[in-house]
Amino acid sequence: MRSKVSIIGAGNVGATLAQRIAEKGYADVVMVDIIEGLPQGKALDILQAGSITGSDARVIGTNSYKETAGSDIVVITSGVTRKPGMHRSDMVLVNMNIVKPVTEQVVKYSPKGIIIMVANPLDAMTQLVLHVSKFPRNRVLGQSGVLDTSRFRALLARELNVSVEDVHACVLGGHGDIMMPVPRLTTVGGVPVTELLPKETVNKIVERTVKGGSEIVALLKTGSAFYAPAAATAQMVESILLDKKRILPCAAYLEGEYGIKGAVVGVPVKLGKDGIEQIIELKLTPEESAALKKSAEAVKELVRIMKLK
Ligand code: NAD
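Trainee: Explain the site of the ligand here, please?
Mentor: The ligand sits among 27 residues. The nearest are Asn12, Val13, Asp33, Val80 and Val118. Here an oxygen atom of the ligand sits 3.1 Å away from a polar atom, N or O, in the side chain of His175. For the ligand, the accessible surface in isolation is 860 Å², of which the surrounding protein chains cover 86%. Those elements that provide at least two residues to the shell around the ligand are helix 1 (12-24) and helix 4 (92-109). Ranked by residues supplied to the shell around the ligand, first place goes to helix 4 with 3 residues. Each residue belonging to the shell around the ligand can be placed in one class, and the counts come to 15 nonpolar, 11 polar and 1 charged.

Trainee: Would you mind showing me how to read the nonpolar core here?
Mentor: Proteins that are soluble and globular tend to have nonpolar side chains buried together. Counting 52 residues, the largest nonpolar core has Val5, Ile7, Ile73, Val75 and Leu271 as its most contacted members. It is helix 9 (residues 227-241) that provides the largest number of residues to this core, a total of 7 residues. When residues of this core are assigned to domains, at least three fall in each of domain 1 (3-142) and domain 2 (145-306). Setting aside its immediate chain neighbours within four residues, Val75 contacts Val5, Ser6, Ile7, Ile8, Leu17, Ile116, Val118, Thr233 and Val237. Listed in part, the 30 residues of the second largest apolar core include Ile76, Val92, Val132 and Leu302.

Trainee: Would you explain helix 2 (residues 38-47) in this entry?
Mentor: An α-helical segment advances 3.6 residues per turn. Residues three or four places apart therefore align on the same side. Along helix 2, the residues classified as buried are Pro39, Ala43 and Ile46. The arc enclosing the buried residues of helix 2, seen along the axis, measures out at 65°, which places them on a common side.

Trainee: Just to check I follow, could you spell out helix 5 (residues 122-133) for this structure?
Mentor: Helix length check: helix 5, at 12 residues, gives a terminal C-alpha distance of 16 Å against a target of 16 Å (1.5 Å per residue), a fit within 8%. Counted residue by residue, helix 5 has 11 buried out of 12 residues, so it is predominantly covered. Taken together, the buried positions of helix 5 are Leu122, Asp123, Ala124, Met125, Thr126, Gln127, Leu128, Val129, Leu130, Val132 and Ser133. Looking one or two residues past helix 5, Lys134 carries a phi angle of roughly 60°, positive in sign.

Trainee: Looking at this structure, I do not really get the packing of aromatic side chains. What am I missing?
Mentor: Centre distance and the angle of the planes are the two values used to describe a pair of aromatic rings. The full count for this structure, using the stated rule, is 1 aromatic pair. Considering the side-chain rings of Phe226 and Tyr227, the 4.4 Å spacing of their centres and the 35° angle between planes classify their relative orientation as tilted. Between the NZ or CZ atom of Arg139 and the centre of the ring of Phe135, over which it lies, the distance is 4.1 Å.

Trainee: Where do I start with the pairing of strand 1 (residues 3-8) in this structure?
Mentor: Sheet faces and side chains relate simply in a regular strand, where the side chains alternate between the two faces. For strand 1, the buried fraction is high: 5 of the 6 residues fall into the buried class. The pairing of strand 1 with strand 2 (residues 27-32) spans 6 bridges and is classified as parallel. Residue pairing for strand 2: Ile8 is matched across the bridge by Val32. Taking the sense of rotation as the criterion, the β-α-β connection linking strand 1, helix 1 and strand 2 turns out right-handed. With 4 bridges connecting them, strand 1 and strand 4 (residues 73-76) associate as parallel partners.

Trainee: Is there a simple way to explain the domain arrangement of the chain in this structure?
Mentor: When the parts of a complex come together, some accessible area is lost, and that lost area is often used as the size of the interface. By the assigned domains, the chain splits into domain 1 (3-142) and domain 2 (145-306). One C-alpha centre belongs to domain 1, the other to domain 2; they are set 21 Å apart. Each side of the interface is counted separately: domain 1 has 43 residues, and domain 2 has 47 residues. The largest contributions to the domain 1 side of the interface with domain 2 come from Asp123, Gln127 and Arg137, which together make up 19% of the buried area. Between the two partners, domain 1 and domain 2, sit 3 salt bridges. Ionic pairing is found between Glu255 and Arg137, a salt bridge with its closest N-O pair at 3.4 Å. On inspection of domain 1 and its partner domain 2, the count reaches 11 residue pairs in polar contact (both at pLDDT 80 or more).

Trainee: Which parts of the structure should I look at to understand the sheet that holds strand 7 (residues 167-168)?
Mentor: Two pairing modes exist for strands in a sheet, parallel and antiparallel, and in both the strands are linked by backbone hydrogen bonds. In space, the 3 strands of this open sheet follow the order 7-10-11, with antiparallel pairing throughout. If you trace the sheet from one side to the other, it starts and ends with strand 7 and strand 11 (191-192), each paired once. Bridge count between strand 7 and strand 10 (residues 187-188): 2 bridges; the pairing is antiparallel. Bridge pairing links His168 to Thr187 in strand 10.

The rules behind each value
Residues numbered from 1 in each chain as written. Predicted model: local features only at pLDDT ≥ 70, side-chain atom pairs only at ≥ 80, totals over all residues. Heavy atoms only, no water. Near = heavy atom within 4 Å. Polar contact = N/O pair within 3.5 Å; in protein donor to acceptor, adjacent residues only side chain to side chain. Areas by Shrake-Rupley, 256 points an atom, 1.4 Å probe, with all protein chains shown as cover. Helix = DSSP H or I, 4+ residues; strand = E, 2+ residues; numbered from the N terminus. Nonpolar A, V, L, I, M, F, W, Y, C, P; charged D, E, K, R; others polar. Core = buried A, V, L, I, M, F, W, Y, C linked by side-chain atoms within 4.5 Å. Buried < 20%, exposed > 50% of the residue type's maximum accessible area, 1.4 Å probe, protein only. Domains from an automatic or database assignment. Contact = heavy atoms within 4.5 Å. Arc of directions from axis to C-beta. Expected span 1.5 Å × (residues − 1). Phe/Tyr/Trp six-rings, centres within 6.5 Å; stacked < 30°, edge-to-face > 60°. Lys NZ or Arg CZ within 6 Å of the ring centre and 35° of its normal. Pairing = 2+ DSSP bridges. Right-handed = clockwise from strand over helix to strand, strands pointing away. Buried area = accessible area lost by both parts, 1.4 Å probe. Salt bridge = Lys/Arg side-chain N within 4 Å of Asp/Glu carboxyl O.

If you want it as structure tokens, here you go:
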């Protein structure tokens, strides 16, 4: 039997993700949006590609949550995107008012599902979902680190003229300008990049990684990145559905790990059929540890704006 993945928000990220999952063929996909016709039209379009891509996955678009019932995974992409110059903190209340009622519906119809948050500000929205759903922390996580490391890896691979597959990057912390690439733990063929590139070059690449989302927002003028974000989310979905137990950087609620308590922050986790099966604690230097705690404080500040009760 195929698994079932529901995607809330059939916009750029949601629909691209639906296409990626449907093409793999291991899950039926339900897309929900508030705009009438949009999820239905996009779902039909993706479904009709199945005979070409060789996928028998069912793809449904709807404006109601009934069809999402019993989903193994629900991905929440419903939310506004950043406008040029807009900070993620400006979005927190706007997207909170979208994500809260969405989460209530998701929980009603898929009480045993795993929720992957995508809407921004990512860490705060993930914490909101955890709060509203009352799910255990292994079943609520956010997509940030897979995208951020992918951007870091792509830039490093270009600089070193090597395959992206041989670049393994470490990015910790909150999503956005509070993210924390860790060059010391970023390797190319097993060698730390700090030994392969001059410090200034590494710093430039780190800075471009941190501003990766804003760079695309500025180019697009309307909307934000979605191809790489959808690919990143699809990788997380696959690791859970196929119980691959991949070690991927994800936004997870920490309860003392890394000396951080009560905040959602990006850390490496083991992703399998139960969602977050383990939080991996890397040995950090005192400076790295302090920077991660600072990043967690920035997330807590955003969460405070929501006044969660
Ligand atoms: P988009 O505008 O293309 O799509 C958003 C969709 O959500 C729209 O179709 C809209 O109608 C729908 N929607 C709004 N309110 C809804 C509701 N209550 N119920 C159901 N659907 C609703 O935006 P996008 O590019 O797909 O981005 C979506 C979100 O993901 C944004 O918040 C964006 O900032 C975020 N994002 C996060 C990452 C990440 O790395 N975590 C990457 C890219 C985008």
